[in-house]
Amino acid sequence: MAEFEVISEFIDAMSGVRKISGDTIEATGDRADKLRQKGLIGKPARKQKKETAEIDQGGEQRDYPISTGGGWYELSNGESVRGKKKAIKVQKELESSG
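Keep in mind that what you see is a predicted model, and the values were worked out from it rather than measured.

1. Re the environment of A27
Looking at where A27 falls in the secondary structure, it is placed in strand 4 (residues 24-27). The class of A27 is buried, set by a relative accessible area of 2%. With 26 residues separating them in the primary sequence, A27 and M1 have C-alpha atoms 5.8 Å apart. Apart from residues lying up to four places away in sequence, A27 is in contact with M1, A2, F4, A32 and L35.

Here's what the structure looks like:
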């Protein structure tokens, strides 16, 4: 099953769970097409890395927090936080605690 970004709030008929913009949902071909036509989902969601490296594959240092889409940000400790201001605050706390 593919995972897609939710772009409009709705209640998932399969699970009964409310989905909001920025969430992800798993869907197969026909279901994904129907949700996309209704304007509820967008592009396939990016998979989050299980391990976070301080240096990317190009050899450059990464600046945290990193936007992973949908209002979510990855911190240097691998944690995901929703909201840019909150992510910046938590990242600064991580950096100051050493």
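2. Concerning the sheet that holds strand 7 (residues 72-74)
Sheet architecture is open: three strands sit in the order 6-7-8, paired in antiparallel fashion. Unpaired on one side and paired on the other, strand 6 (66-69) and strand 8 (80-82) mark the two borders of the sheet. Going across the sheet, the axis of each strand differs from the next one's by a mean of 35 degrees, ignoring polarity.

3. Some details on the nonpolar core
One finds F4, V6, F10, I25, A27, A32, L35, L40 and I41 forming the largest nonpolar core, which totals nine residues. When contributions to this core are tallied by element, the ones reaching two or more residues are strand 1 (2-6), strand 4 and helix 1 (29-37).

4. Some points on the sheet that holds strand 5 (residues 41-44)
Here we have three strands laid out as an open sheet, ordered 4-1-5, and antiparallel in their pairing. Looking at the sheet topology across the chains shown, the edges are occupied by strand 4 and strand 5. Averaged over neighbouring strand pairs, the angle between their axes works out to 45 degrees when direction is ignored. Across two bridges, the pairing between strand 1 and strand 5 is antiparallel. For V6, the partnering residue across the bridge sits in strand 5 and is I41. Against the sheet, helix 1 touches strand 1, strand 4 and strand 5, its axis set at about 135 degrees to strand 4.

Conventions used here
Residues numbered from 1 in each chain as written. Predicted model: local features only at pLDDT ≥ 70, side-chain atom pairs only at ≥ 80, totals over all residues. Heavy atoms only, no water. Helix = DSSP H or I, 4+ residues; strand = E, 2+ residues; numbered from the N terminus. Buried < 20%, exposed > 50% of the residue type's maximum accessible area, 1.4 Å probe, protein only. Contact = heavy atoms within 4.5 Å. Pairing = 2+ DSSP bridges. Axes fitted to C-alpha atoms, helices over the stretch in contact; angles between N-to-C directions. Core = buried A, V, L, I, M, F, W, Y, C linked by side-chain atoms within 4.5 Å.

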